[in-house]
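The residues making up each chain are set out below.
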Protein chains: 2
Amino acid sequence: MGSKRVGNQSIVFQNPPFILAGYNIVGPKEGEGPLKASYDQIMNDTYNGEKSWEKTEAKMLETVLRGAADKAKVTVDSVEFILAGDLLNQIISSSFAARQLGIPFVGLYGACSTMALSTALGAMFIEGGFASQVLCAASSHHDTAERQYRMPTEQGNQRAMYAQWTVTGAGALLLADSGTGPRVTSATLGRVIDLGTTDTNNMGAAMAPAVADTILNHFQDLNREPDYYDLIVTGDLGTVGLQLLKEILKKSNLPMGKNLSDCGIMVFSPKQDTHAGGSGCGCSAVVLSGHILNQINSGELKKVLLIGSGSLHSPTSALQGETIPAIGHAVTIEMI
Amino acid sequence: MGSKRVGNQSIVFQNPPFILAGYNIVGPKEGEGPLKASYDQIMNDTYNGEKSWEKTEAKMLETVLRGAADKAKVTVDSVEFILAGDLLNQIISSSFAARQLGIPFVGLYGACSTMALSTALGAMFIEGGFASQVLCAASSHHDTAERQYRMPTEQGNQRAMYAQWTVTGAGALLLADSGTGPRVTSATLGRVIDLGTTDTNNMGAAMAPAVADTILNHFQDLNREPDYYDLIVTGDLGTVGLQLLKEILKKSNLPMGKNLSDCGIMVFSPKQDTHAGGSGCGCSAVVLSGHILNQINSGELKKVLLIGSGSLHSPTSALQGETIPAIGHAVTIEMI
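Values in this document were obtained by computation on a predicted structure and should not be read as measured data. (Residues numbered from 1 in each chain as written. Chains lettered and ligands numbered in written order. Predicted model: local features only at pLDDT ≥ 70, side-chain atom pairs only at ≥ 80, totals over all residues. Heavy atoms only, no water.)

1. Observations concerning the pairing of strand 3 (residues 18-26) of chain A
Residue and element names in this part refer to chain A. The buried fraction of strand 3 amounts to eight of the nine residues, a majority that puts the element mostly inside the structure. Across eight bridges, strand 3 lies against strand 9 (residues 169-176) in antiparallel orientation. Counterpart to Gly22 in the pairing with strand 9 is Leu173. Here strand 3 runs beside strand 4 (residues 41-42); their pairing, made up of two bridges, is parallel. Each bridged residue has a counterpart across the sheet, and for Val26 the counterpart in strand 4 is Ile42. (Buried < 20%, exposed > 50% of the residue type's maximum accessible area, 1.4 Å probe, protein only. Helix = DSSP H or I, 4+ residues; strand = E, 2+ residues; numbered from the N terminus. Pairing = 2+ DSSP bridges.)

So this is what it looks like as structure tokens:
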């Protein structure tokens, strides 16, 4: 077994990489939400001067990659890898953003779990001695996702009350092998779990069992109790999925306390009429790189477990009658 | 700088991971090609008993993941990570295959460079001490790719003479921290390069500059000459792209000798009327996991450099008038 591997699925970093900076950008709706003070940039409209939403999303990712490097006071050229992904077919947002930066690029796909996956892998790159500075990022855009996964945006379809609203946002972290600040102390990479749900509007229900599996493995692998953490935050189950997660964990003898929350619930106010909350790779990316990182840096939080949750279906797989596979990837961030 | 990092973009493994086994499966057309003796399974038709080509492709990936573990005489449960990707939207082939195995899964997207990317990352996982056994895999299916990227398969469109034919195939490698056999000795991860081509039928032209960039960086980083290798093989530029690559490298004062070849050219015979040769994640995956690995194991080859080449566009990006970004990821495999 690899020496840094602990239990079934977890890795404990012996020299936990530092998060030197986080940077994010969101759309106007997100910018009116409860976390508005934690965003570096809020776009005035969903195009932000680009000719298509897809071009906007790529530009958003480029903005946060450069922004995180700037905030960390490192030059983009000194960053050794970009690890990024998004929801679009062939992850074009990430590839087109990486094109602008000229840095070796690792393209990832984990649906809404991508920010946790990229952070975990970025930390592994540093811990493994393969890099001293990496950029980890993810993005989503409500309108690019809507017209790719669901219906033409012009149609203005009515959404199910249990559906989540894809966040327009991108977030990036700059991880480094030295410095000061919060550190990525462990990671638990998830398995693909599919309990047979088929309603692609109800991704919370599809993802909750996968997130539960990763959480259960995390606590078993590290021999910890939930109260070890100040915050255990999923990204993003929404209200329906979070309730299901609580029920699964209770039945599995790992009841959660008040320290359990969800990026999809945090990112919008109930008044914003998003139904079950936010979703999309960008949701946990902007909440992690902004609000959560700020709270760790200010001392309000010391130990955080983020479990990114991804629904791994495609429109094609759904049309072919496949059930929805899902995954949860977890990273712990601690001020030590 | 990370201690294992060499030059701009390369990693030299201090304890090079072993390739314990490779396993592959191909479609009937590939099974009639020049490398037919190197395939573990040849399907009788493109469905292989499944109800859709997409389901077939997921099943193919599952088959090679299990096959590589079996051939290496390790149980699937003892494998710590699957690193895999494919061409389909949301990489459903990989996610659905990983669902069947219950192993932590890292989803990758590098288009046709995916096999090299997954092998590089798998080796990094082992070298970094994060795992002792990983499965690295990639797949493509001619018909799933054709109807997703180009035209309805029923239409029987005439193809450009410079177009490549997406291979129906999947390949997997089992990498381990101990054992015997060929070893992954270094990796050079690529940058996204885009010289402005827009013809998505001419992916060889789009990818050649990115592959050249990675090759130039590889030889500079490792301070090697091309004759260090018995085989330098791209995957997959086809006839058009390989010719362009030779020209670029010649102009860059790194002329290649007779040891340069391409998986897309090797996989089909000119008589098979595929025009510029093979392509798709599955192309380099089946050639690497079969023919090349066999030649290394038999002693015919001792030192191989594989440069996976990926065209990172999507149908949407092409329709929106974007040029084609591309990437090359390289791994070296040596019998040492």
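2. Some thoughts on the pattern of salt bridges
With the rule as written, the count across this model stands at 22 salt bridges over all chains. Of the charged contacts, one joins Lys71 of chain A and Asp40 of chain A as a salt bridge, the two residues approaching to 2.8 Å between their closest N and O atoms. Linking Lys71 of chain A in helix 2 (residues 53-71) with Asp40 of chain A in the loop between helix 1 (28-31) and strand 4, this pair joins segments that are 31 residues apart in sequence. Taking the relative accessible area as the measure of exposure, Lys71 of chain A reaches 40% and is therefore partly exposed. Look at Asp40 of chain A and you get partly exposed, because its relative accessible area is 31%. Residues Arg147 of chain B and Glu54 of chain B are paired through a salt bridge, measuring 2.6 Å at the closest nitrogen-oxygen approach. Highlighted residues: Arg147 of chain B in helix 5 (residues 142-149) and Glu54 of chain B in helix 2 (residues 53-71), separated in sequence by 93 residues. Overall, Arg147 of chain B belongs to the partly exposed group, its relative accessible area being 34%. Each of Lys55 and Arg99 of chain A together with Asp194 and Glu322 of chain B takes part in one network of salt bridges that share partners. (Salt bridge = Lys/Arg side-chain N within 4 Å of Asp/Glu carboxyl O.)

3. Digging into the relation of the copies chain A and chain B
Of the two same-sequence chains, chain A is brought onto chain B (RMSD 0.0 Å, axial shift 0.0 Å) by a rotation of 180 degrees. Taken together, the turn and the small shift mark the pair as related by a two-fold rotation axis. Here 100% of the contact residues of chain A are again contact residues in chain B; the copies associate through an equivalent surface. (Least-squares fit on C-alpha atoms with pLDDT ≥ 70 in both. Contact = heavy atoms within 4.5 Å.)

4. Focus: the packing of helix 4 (residues 114-127) of chain A against helix 9 (residues 281-297) of chain A
Residues and elements named next belong to chain A. The contact between helix 4 and helix 9 brings their axes to 7 Å, and the two run at 60 degrees. By the angle class used here, helix 4 and helix 9 are oblique. Along the contact surface, helix 4 presents Thr114, Met115 and Thr119, while helix 9 presents Cys281, Ser284, Ala285 and Leu288. (Axes fitted to C-alpha atoms, helices over the stretch in contact; angles between N-to-C directions. Parallel < 35°, antiparallel > 145°, perpendicular 65-115°, else oblique.)

5. A closer look at the domain arrangement of chain A
One frequent convention defines the size of an interface as the accessible area lost when the parts assemble. All names here are of chain A. Structurally, chain A comprises domain 1 (5-176) and domain 2 (183-334). If you average the C-alpha positions of domain 1 and of domain 2, the two centres end up 17 Å apart. Both sides together, the interface formed by domain 1 and domain 2 hides about 4,900 Å², and carbon and sulfur atoms give 62% of it. Considering only the side of domain 1, the residues that lose the most area to domain 2 are Gln9, Cys112 and Gln164, jointly responsible for 17% of the buried surface there. At the boundary of domain 1 and domain 2, one finds 27 residue pairs in polar contact (both at pLDDT 80 or more). Ranked by the residues each element gives to the side of domain 1 that touches domain 2, the list is headed by helix 4, at nine residues. In terms of residue class, the side of domain 1 that touches domain 2 is made up of 38 nonpolar, 20 polar and six charged. (Domains from an automatic or database assignment. Buried area = accessible area lost by both parts, 1.4 Å probe. Polar contact = N/O pair within 3.5 Å; in protein donor to acceptor, adjacent residues only side chain to side chain. Nonpolar A, V, L, I, M, F, W, Y, C, P; charged D, E, K, R; others polar.)

6. Observations concerning the side chain of Asn217 of chain A
Residue and element names in this part refer to chain A. Along the chain, Asn217 turns up in helix 6 (residues 203-222). Given the relative accessible area of 8%, Asn217 is considered buried. Setting aside residues up to four positions removed in sequence, Asn217 forms contacts with Asn8, Gln9, Ser10, Thr188 and Arg191.

7. Some details on the layout of surface pockets
Residue and element names in this part refer to chain B. In this structure, the largest pocket encloses a volume near 530 Å³. Considering the residues around the largest pocket, the lining is formed by 24 residues, among which Glu146, Arg150, Met151, Asn157 and Asn201 are closest to the centre. Elements represented by at least two residues in the lining of the largest pocket include exactly helix 5 and helix 10 (315-319). The element that contributes the greatest number of residues to the lining of the largest pocket is helix 5, accounting for four residues. Taken together, the residues of the lining of the largest pocket sort by class into ten nonpolar, ten polar and four charged. (1 Å grid on protein atoms, 1.4 Å probe; cavity = no way out; pocket = protein on both sides within 12 Å on 5 of 7 lines; lining within 4 Å. Points joined across faces, edges and corners; volume = space filled by probe spheres on them.)

8. Things to note about the packing of helix 2 of chain A against helix 3 (residues 92-101) of chain A
Residues and elements named next belong to chain A. Orientation of helix 2 relative to helix 3, taken along the N-to-C sense of each, is 50 degrees, at an axis distance of 8 Å. Between helix 2 and helix 3, the angle falls in the class oblique. For the pair helix 2 and helix 3, the crossing hand works out as right-handed. Between helix 2, through Glu54, Glu57, Ala58, Leu61, Glu62, Leu65 and Arg66, and helix 3, the contact on the second element is made entirely by Ile92, Ser93, Ser94, Phe96, Ala97, Gln100 and Leu101. (Left-handed = near helix turned anticlockwise from the far one by under 90°.)

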